[in-house]
Amino acid sequence: MSQLPQRTQRSRGTQRTAEVQALRFAQGDKTSNSSASSRGDKTSKSSSWFSSAYLCASASSAVKTTPTARTSYGARLGRPAFTLFEMAIVLAIMALSAALVVPALARLGTNKEPQAAAGMLALLRDARKAAIDKNAMVSLRIDPLTGRYRADTSGVSGTGKFAEGTIELDATETLVTEQQRLTYIFRPSGAAFADTVLVRGLGATVLVAVDPWSGVARTDAR
């Protein structure tokens, strides 16, 4: 009878020891699980912080490099862009310039001054120069039909022929005047008594006239 209680006490002690060890093991598992979970939370929190920071940096760089809807093309290039009003002004100026230039280009080569007009101008200038240089009166007569001319001088030293020839007339050029002979008289002062004549060419008509006070010959387009 005395051995039965001892065995019972031993079994009860063994059972208590096992319960204590099981309780300690359970508490150890909870502690390890809680520490592991805390380390996982910290790791996940740090990784989530780094990912959010990376996303913010990427968004800021995208905002800096990508132009907004209000940013114009000229502003991206560092210079102001043209407005619609300025472009309209430029187009209007170009249209006006084209309207002025195109007719002149269309008439280019057709309204050239007749060759006879240039020849008459040179002849009249030479006659005036001779009158001033020789201190004599120079009379010039021109046949408007053939273009033949003759210049004579008269002064203190006498009278004589100064020049004779023919003004070159193109096949399409004519000298239009009511006079049978064109007469030009130059004095030693340079003043002149002169007729006027129209030189009509293919694309233009020119009036050849001489200023009576100065004796300077000029051409006026008609």
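Residues numbered from 1 in each chain as written. Predicted model: local features only at pLDDT ≥ 70, side-chain atom pairs only at ≥ 80, totals over all residues. Heavy atoms only, no water.

Comments concerning the nonpolar core
Here's step 1: Residues Met120, Leu124, Leu140, Ile142, Tyr184 and Phe186 are the most contacted members of the largest nonpolar core, which totals 26 residues.
Here's step 2: Secondary-structure elements contributing two or more residues to this core are helix H4 (115–134), strand S1 (137–142), strand S2 (148–155), strand S5 (182–186), strand S7 (197–200) and strand S8 (205–210).
Here's step 3: Discounting residues that sit within four places of it in the chain, Leu124 has contacts with Leu140, Tyr184, Phe186, Val208, Val210 and Ala217. (Core = buried A, V, L, I, M, F, W, Y, C linked by side-chain atoms within 4.5 Å. Buried < 20%, exposed > 50% of the residue type's maximum accessible area, 1.4 Å probe, protein only. Helix = DSSP H or I, 4+ residues; strand = E, 2+ residues; numbered from the N terminus. Contact = heavy atoms within 4.5 Å.)

Some remarks on the environment of Phe162
Here's step 1: Structurally, the position occupied by Phe162 is in strand S3 (residues 158–166).
Here's step 2: By relative accessible area, Phe162 is classed as partly exposed at 36%.
Here's step 3: Put simply, Phe162 and Ala127 are 35 residues apart on the chain and 8.8 Å apart in space, counted from C-alpha to C-alpha.
Here's step 4: Apart from residues no more than four positions distant in its own chain, Phe162 is found in contact with Ala130, Lys134, Ala151, Asp152 and Thr153.

A word on the sheet that holds S2
Here's step 1: Taking strand neighbours across the sheet as the criterion, the five strands line up as S3-S2-S1-S5-S6 in an open arrangement whose pairing is antiparallel. Edge positions in the sheet fall to S3 and strand S6 (192–194), since each has one partner strand and no second. On average, adjacent strands in this sheet sit at an angle of 10° to one another, irrespective of strand direction.
Here's step 2: Here S5 runs beside S6; their pairing, made up of three bridges, is antiparallel. When the sheet's bridge partners are listed, Tyr184 is paired in S6 with Ala194. (Pairing = 2+ DSSP bridges. Axes fitted to C-alpha atoms, helices over the stretch in contact; angles between N-to-C directions.)

Some details on the sheet that holds strand S4 (residues 174–176)
Here's step 1: Taken together, the four strands give an open sheet; going across it, the order is S4-S7-S8-S9, and neighbouring strands pair in antiparallel fashion. At either end of the open sheet lies a strand with only one pairing partner, and these are S4 and strand S9 (217–221). Going from strand to strand, the sheet's axes swing by 30° on average, the running direction of each strand aside.
Here's step 2: Pairing between S8 and S9: five bridges, direction antiparallel. For Ala209, the partnering residue across the bridge sits in S9 and is Arg218.

Focus on the side chain of Thr153
Here's step 1: Position of Thr153 relative to the elements: it lies in strand S2.
Here's step 2: For Thr153, a relative accessible area of 15% translates into the label buried.
Here's step 3: Sequence-distant contacts of Thr153, defined by excluding residues within four places in its chain, comprise Met137, Val138, Gly158, Thr159, Gly160 and Phe162.

Comments concerning the environment of Ser154
Here's step 1: As for its placement among the helices and strands, Ser154 is situated in strand S2.
Here's step 2: On the basis of relative accessible area, Ser154 is assigned to the partly exposed category, the value being 30%.
Here's step 3: As for Ser154 and Ser139, which are separated by 15 residues in sequence, their C-alpha atoms are 8.3 Å apart.
Here's step 4: Ignoring any residue separated from it by four or fewer positions in sequence, one finds Ser154 in contact with Ala136, Met137 and Thr159.

Quick notes on the pattern of salt bridges
Note on pairing: side chains with opposite charge can pair once their charged atoms come close.
Here's step 1: The final tally for this structure, using the stated rule, is six salt bridges.
Here's step 2: The salt bridge involving Lys129 is made with Asp133; its shortest N-O contact spans 2.8 Å. Here Lys129 pairs with Asp133, and both are found in helix H4, just four residues apart, close to one helical turn.
Here's step 3: Judged by relative accessible area, Asp133 falls into the exposed class, the value being 54%.
Here's step 4: A salt bridge links Arg218 to Asp220; the shortest N-O distance between them is 3.4 Å.
Here's step 5: Put simply, Arg148, Lys161 and Glu164 are held in one network by salt bridges that share partners. (Salt bridge = Lys/Arg side-chain N within 4 Å of Asp/Glu carboxyl O.)

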